[in-house]
Amino acid sequence: MRGPTAPGITIREATLADVDALVAIFVDVAGEGRWIGSEAPVDVERRRRRMVEDVEGDHAVVLVAEAGGVPVGQLGLDLTPYGVADLGMAVAAGWRGRGVGTALLAAAVERARRAGAHKIALQVWPHNAAALALYERFGFRREGYLTRHYRRRSGELWDAVVMGLPLD
Ligand SMILES: CC(C)(COP(=O)(O)OP(=O)(O)OC[C@H]1O[C@@H](n2cnc3c(N)ncnc32)[C@H](O)[C@@H]1OP(=O)(O)O)[C@@H](O)C(=O)NCCC(=O)NCCS
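In short, a report on the structure. Keep in mind that what you see is a predicted model, and the values were worked out from it rather than measured.

Notes on the overall build of the chain
No. 1: Counting its regular elements, the chain contains 4 helices and 7 strands.
No. 2: Listing the helices and strands of the chain from first to last along the sequence gives β-α-α-β-β-β-α-β-α-β-β.
No. 3: Since a compact globule built from 168 residues should have a radius of gyration of about 15 Å, the 15 Å found for the chain is in line with a globular shape.
No. 4: Along the first, second and third principal axes, the C-alpha set of the chain runs to 40 × 40 × 30 Å.
No. 5: Of all 168 residues assigned to the chain, the portion counted as buried reaches 45%.
No. 6: By sequence separation, contacts in the chain at least 24 residues apart represent 59% of the contacts at least 6 residues apart.
No. 7: On the chain, roughly 8800 Å² of surface is accessible, and the fraction owed to carbon and sulfur atoms is 51%.
No. 8: The average position of the 21 basic charges and that of the 21 acidic charges among the side chains of the chain differ by 4 Å.

Here is the structure:
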């Protein structure tokens, strides 16, 4: 699946050599505190072990977006035994709004189909306008709404939007 997408951006499957860079992006985005489920402080060793398992195993797909040979974004698909691919993604803050997320998501849809998944599913915070717009542009539908569902480290309870994209 290697090939140019947005100018200068390449999407490919991650290898073990990418793990440190991908964990670093994850830690930074978690540190922003408002886009993904994980929050600082991230248990880096645990995250690293999980990333290694995901890269090495058949139960997951990890895609990397590279710019000039440097990882600038990542997308993970958890291939559940019931045919749903659970998606999570993050683009490094300085690279957002330049088509990296679009390139990653296009590759993920193709990859999930190839893995035999009948659907991609995800959850997103209602305030994450960029992510909601990106997913809706790819045809994801809002399937549900979780009210006061996730306890944040601040003590707040956050809502989440449940989205799905059927592939069959
Ligand atoms: C959400 C995210 C992955 C999008 O990646 P990206 O590389 O910025 O996305 P793109 O540049 O490909 O933009 C794709 C579309 O997203 C939407 N979008 C991007 N930034 C936006 C913004 N700030 N506000 C509203 N819509 C926005 C637009 O529809 C855009 O399409 P357009 O360029 O044709 O208008 C990225 O912002 C990110 O990593 N955010 C932090 C982590 C995160 O939120 N992960 C998802 C958790 S569910």
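Okay, back to it.
Notes on the site of the ligand
No. 1: Near the ligand lie 23 residues; those nearest to it are V91, G97, G101, T102 and N128.
No. 2: Interatomic distance of 2.7 Å between a backbone N/O atom of G99 and an oxygen atom of the ligand.
No. 3: With respect to the ligand, the side chain of N128 contributes an N or O atom lying 2.7 Å from an oxygen atom.
No. 4: Burial of the ligand by the surrounding chains reaches 71%, relative to a free accessible area of 930 Å².
No. 5: The leading source of residues in the shell around the ligand is helix α4 (residues 129–137), at 7 residues.

Examining the sheet that holds strand β2 (residues 60–67)
No. 1: Taken together, 7 strands build an open sheet; the order of strands is β1-β2-β3-β4-β5-β7-β6 and the sheet is mixed. A strand with exactly one partner marks an edge of an open sheet, and here the two such strands are β1 (9–13) and β6 (141–151). The sheet shows a mean angle of 25° between the axes of neighbouring strands, taken without regard to direction.
No. 2: Pairing of β2 with strand β3 (residues 70–79) involves 8 bridges; the strand directions are antiparallel.

Digging into the packing of helix α1 (residues 19–32) against helix α2 (residues 44–56)
No. 1: Following both chains from N to C, one finds α1 and α2 inclined at 130°, their axes separated by 10 Å at the closest point. In terms of their interaxial angle, α1 and α2 are classed as oblique. Once α1 is placed against α2, the crossing between them reads as right-handed. Two secondary-structure elements touch here, α1 through V19, D20, L22, V23, F26 and V27 and α2 through V44, R47, R48, M51, V52 and V55.
No. 2: Taken together, the residues that form the contact of α1 with α2 break down as 9 nonpolar, no polar and 3 charged.

Overview of the pattern of salt bridges
No. 1: One pass over the structure, following the stated rule, counts 9 salt bridges.
No. 2: Across the salt bridge formed by E66 and R12, the nearest N and O atoms sit 2.6 Å from each other. Of the two residues, E66 is situated in strand β2 and R12 in strand β1; the sequence distance between them amounts to 54 residues. There is no split in this pair, since E66 and R12 are both buried.
No. 3: Of the charged contacts, one joins E143 and K119 as a salt bridge, the two residues approaching to 3.0 Å between their closest N and O atoms. Taken together, the residues E143 in strand β6 and K119 in strand β5 (residues 119–124) connect sequence positions 24 residues apart.
No. 4: Shared partners join several salt bridges into a network, and the residues in it are R12, D18 and E66.

Scoring rules and cut-offs
Position labels on residues start from 1 in each chain and follow its written sequence. Reporting in this predicted model follows two pLDDT cut-offs: at least 70 for local features of residues, and 80 or more for side-chain atom pairs to be given and counted; totals over whole chains, interfaces and linings ignore these cut-offs and use all residues. For side-chain calculations, the full set of non-hydrogen atoms in the structure is used, while hydrogens and water are omitted. Going along the chain from the N terminus, every DSSP run of H or I of four or more residues is numbered as a helix, and every run of E of two or more is numbered as a strand. Atoms considered for the radius of gyration are the C-alpha atoms alone. The globule rule reads 2.2 Å times the number of residues to the power 0.38. Each residue is placed in one exposure class: buried if its accessible area under a 1.4 Å probe, protein chains only, is under 20% of its type's maximum, exposed if it is over 50%, and partly exposed if it falls in between. The criterion used for residue contact is that any of the two residues' heavy atoms lie within 4.5 Å. Note on areas: Shrake-Rupley with a 1.4 Å probe; residue coverage comes only from the protein chains shown. None of His or the chain ends enter the tally, which takes Lys and Arg as positive and Asp and Glu as negative. Taken as the charge location is NZ of Lys, CZ of Arg, CG of Asp or CD of Glu. Throughout, the term near means that a residue has one or more heavy atoms lying within 4 Å of the molecule or strand in question. Here a polar contact is taken to be a pair of N or O atoms separated by no more than 3.5 Å, where protein atoms must pair a possible hydrogen donor with a possible acceptor and residues adjacent in sequence count only if both atoms sit in side chains. Paired strands, in this sense, are two strands between which DSSP finds at least two bridges. Geometry is summarised by axes, namely lines fitted to C-alpha atoms with helices restricted to the contacting stretch, and by angles between N-to-C directions that run from 0 to 180 degrees. These descriptions rest on fixed angle ranges, namely under 35 degrees for roughly parallel, over 145 for roughly antiparallel, 65 to 115 for roughly perpendicular, and the rest for oblique. If you view the pair so one helix is near and one far, a crossing is left-handed when the near helix is turned anticlockwise from the far one by less than a right angle, and right-handed when it is turned clockwise. Classification convention: Asp, Glu, Lys, Arg as charged; Ala, Val, Leu, Ile, Met, Phe, Trp, Tyr, Cys, Pro as nonpolar; all other residues, Gly among them, as polar. Salt bridges are defined by distance alone: a side-chain nitrogen of Lys or Arg within 4 Å of a carboxyl oxygen of Asp or Glu.

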